[in-house]
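As a plain string of letters, each chain reads:
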Amino acid sequence: MSAFAEEDVVKRWERFVSGSGAIKVQLEIGKRGGSAWVGMQSLDSEQASLRQQVVEEDTEEWQRSLNFSGLERVGGVDLSFIKGDDVNACAQLVVLSYPDLEVLYEDSQMVTLTAPYIAGFLAFRETPCLLDALQRLEKSQPALLPQVVLVDGNGLFHYREFGLACHLGVLSGLPCVGVAKNLLQVQGVAKDNEHQSQIAALQKGGDSFPLTAASGKVLGKALRSSDSSSKPVYVSVGHKISLDTAVRLTHSCCRYRVPEPIRQADIRSREYLRIHFPTADT
C-alpha cells in the first residue's frame, strides 16, 4: 500500500468513527515498521461482542416445516458499485413472495460508504445502509417485512465467524443466511484439489458438502444450487437459523445458480446504476 493510500485509509477511518453514532470505536493511529497503521482492537471487541448474540439454530415455526409452511416473504440484499468507485454504491433490498419468488417490494438507494474496506471488517462498512433499507420498509410497509433475508456474502463462514449476514441479522433481529458466490479461503478451508474433487462429486441440485475448519468446526456448506450449474454457492448461518435449514431454504429459492432474492437484488441495483449513471461502467 502506498503512503498516500495508507494515509487515506487512516483519515477515512477517523471520519467514519467521528461521525458514527451506531458503532462506538476508538482507533490507535501511528507508525509501525515505517508504515501508517490503524489499530483495530476496538472493532475486534465490538465484533466479538456482537458475535456472542448470533443464534445458530432455528427459531421460527416455518423453519421446522419440510416445505417451509408459513413462510411468505423472503428478502434479498446486495450492493453494486460503479466500476472504479469503491465509495458510492447502490444499496438494494428486494422482498419476494414464497414459494412463487415474485418481487413484492424493492428499494434502491444510492449510499456513500464512509468506512474503508479492511478484510474481516466488511460488515462495519456495508451493514448500516442495508439496515437502513430494512428500517425504511418496516416504517412504510411493515406487512412486507421479510421473514428471512438472504445476504450476498458470508455469515459464520468468516475469519472471525461473524460476516455480513451475521452482522445484519443481529442488528435487525431477522433470520439471515449468508450466500457467497466465491469461496473465502479461511480457517484452513482452501480451494485445493480436495475441494475441487468434492465439487465434482455434487451430482444434482441440492447436493452439498461441509466447509470444515482446521479446528473441525463446520462453518458452512458448499451447495450445488441447481441441476444446470455445477459451480456451487457457499451457504452459512447468519442469524436465527440452522445450517441445514439455511441450505434447504437457499436451494428452494434457486431458479438458477444464485438464489432468486439475491439475483433480483443484483439485477435491480445494476439496472438502477445503468439508468442513473449511463456513462459509467458498472
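Scroll up for the structure.
About the cut-offs
Numbers given for residues are sequential positions, taken from 1 along each chain in its written order. The predicted nature of this model means local features are confined to residues of pLDDT at least 70 and side-chain atom pairs, given and counted, to a pLDDT of 80 or more, with totals for whole chains, interfaces and linings taken over all residues. Excluding hydrogens and water, the side-chain values take into account all heavy atoms of the structure. Counting from the N terminus, the helices are DSSP H or I runs at least four residues long and the strands are E runs at least two residues long. Only protein chains enter the area calculation, which uses a 1.4 Å probe; residues under 20% of their type maximum are buried, those over 50% are exposed, and those in between are partly exposed. Residue contacts follow a heavy-atom distance rule, with two residues in contact if any of their heavy atoms lie within 4.5 Å. Per-residue and other accessible areas follow the Shrake-Rupley method at a 1.4 Å probe size, with only the shown protein chains counted as cover for residues. Joining through side-chain atoms within 4.5 Å is the link that ties buried Ala, Val, Leu, Ile, Met, Phe, Trp, Tyr and Cys residues into a set, and such a set is a nonpolar core. Ring pairs are drawn from Phe, Tyr and Trp, using the six-membered ring of Trp, whenever the two centres fall within 6.5 Å, and their geometry is named by plane angle: stacked under 30 degrees, edge-to-face over 60, tilted for the rest. Should DSSP find at least two bridges between two strands, the strands are taken to pair. An axis is simply a line fitted to the C-alpha atoms; with a helix, the fit covers only the stretch in contact. Between two such axes, the angle follows the N-to-C directions and lies from 0 to 180 degrees. Throughout, the term roughly parallel applies to angles under 35 degrees, roughly antiparallel to angles over 145, roughly perpendicular to angles from 65 to 115, and oblique to all others. Crossings are assigned a handedness: left-handed for a near helix turned anticlockwise from the far helix by less than a right angle, right-handed for a clockwise turn. Charged means Asp, Glu, Lys or Arg here, nonpolar means Ala, Val, Leu, Ile, Met, Phe, Trp, Tyr, Cys or Pro, and polar covers whatever is left, Gly included. Crossover handedness is defined by viewing with both strands directed away from the observer: a clockwise path from the first strand over the helix to the second marks the crossover as right-handed.

Novice: I keep staring at the overall build of the protein chain and nothing clicks. Help me out?
Specialist: Looking only at helices and strands, one finds 7 helices and 10 strands in the protein chain. Burial statistics for the protein chain: of 282 residues in total, 52% are counted as buried. Taking the intrachain contacts of the protein chain between residues at least 6 apart in sequence as the baseline, contacts between residues at least 24 apart amount to 65%. Within the structure as shown, the protein chain displays about 13200 Å² of accessible surface, and the carbon and sulfur contribution to it stands at 48%.

Novice: Help me understand the nonpolar core in this model?
Specialist: A general feature of soluble globular proteins is that nonpolar side chains tend to end up buried together. Residues Leu71, Tyr98, Leu150, Val177 and Leu249 are the most contacted members of the largest nonpolar core, which totals 31 residues. Mapped onto this core, the elements with two or more residues apiece are β4 (88-97), β6 (148-152), α4 (164-172), β7 (176-180), β10 (233-239), α6 (243-252) and α7 (260-276). Ranked by the residues each element gives to this core, the list is headed by α6, at 4 residues. Ranked by size, the runner-up nonpolar core spans 25 residues in total, among them Leu79, Ala91, Ala123 and Leu174.

Novice: Can you walk me through the packing of aromatic side chains in this structure?
Specialist: Given two aromatic rings, one states the distance between the centres and the angle between the planes to describe the pair. Under the counting rule described, the total for this entry stands at 3 aromatic pairs. Judged by centre distance (5.9 Å) and plane angle (70°), the rings of Trp62 and Phe68 are edge-to-face. Three or more aromatic residues joined by ring pairs form one cluster here, namely Trp62, Phe68 and Tyr98.

Novice: Before we go on, may I ask you to explain the pairing of β6 in this structure?
Specialist: The side chains of a regular strand alternate between the sheet's two faces. Burial analysis of β6 places 4 of its 5 residues in the buried class, the great majority of the element. Direction of pairing for β6 relative to β7: parallel, over a ladder of 4 bridges. Paired with Leu150 across the bridge in β7 is Val177.

Novice: Honestly, the packing of helix α3 (residues 122-140) against α4 in this entry has me stumped. Any pointers?
Specialist: Relative placement of two packed helices is described by the angle separating their axes and the distance separating the axes. It is at 9 Å that the axes of α3 and α4 come closest, and there the two elements cross at 45°. Relative to α4, the element α3 is oriented oblique. You can see that α3 and α4 cross each other, and the crossing is right-handed. Contacts between α3 and α4 pair Ala123, Phe124, Glu126, Thr127, Leu130, Leu131 and Leu134 from the former with Leu164, His167, Leu168, Leu171 and Ser172 from the latter. Grouping the amino acids of the contact of α3 with α4 by side-chain chemistry returns 8 nonpolar, 3 polar and 1 charged.

Novice: Explanation requested: α6 in the structure shown.
Specialist: Residues spaced three or four apart along an α-helix face the same direction, because each turn holds 3.6 residues. Every buried residue of α6 is accounted for by Leu243, Thr245, Ala246, Val247, Leu249 and Thr250. On the buried face of α6, the contacting elements are β6, β7, β8 (208-212), β9 (218-223) and β10.

Novice: Quick question: what am I supposed to make of the environment of Lys240 here?
Specialist: Among the structural elements, Lys240 can be located in the loop between β10 and α6. With 182 residues separating them along the chain, Lys240 and Asp58 place their C-alpha atoms 5.7 Å apart. Sequence-distant contacts of Lys240, that is, excluding residues within four places in its chain, are made with Val55, Glu57, Asp58, Thr59, Glu60, Gln63, Gly173 and Pro175.

Novice: Looking at this structure, how should I read the pairing of β7?
Specialist: For β7, the tally of buried residues reaches 5 of 5 residues, placing the bulk of the element in the interior. Where burial is concerned, the two faces of β7 agree: the one with Cys176, Gly178 and Ala180 and the one with Val177 and Val179 are both buried. The parallel pair β6 and β7, bridged by α4, forms a crossover whose chirality is right-handed. In this sheet, β10 lies alongside β7 in antiparallel orientation, the contact comprising 5 bridges. Bridged to Cys176 within β10 is His239.

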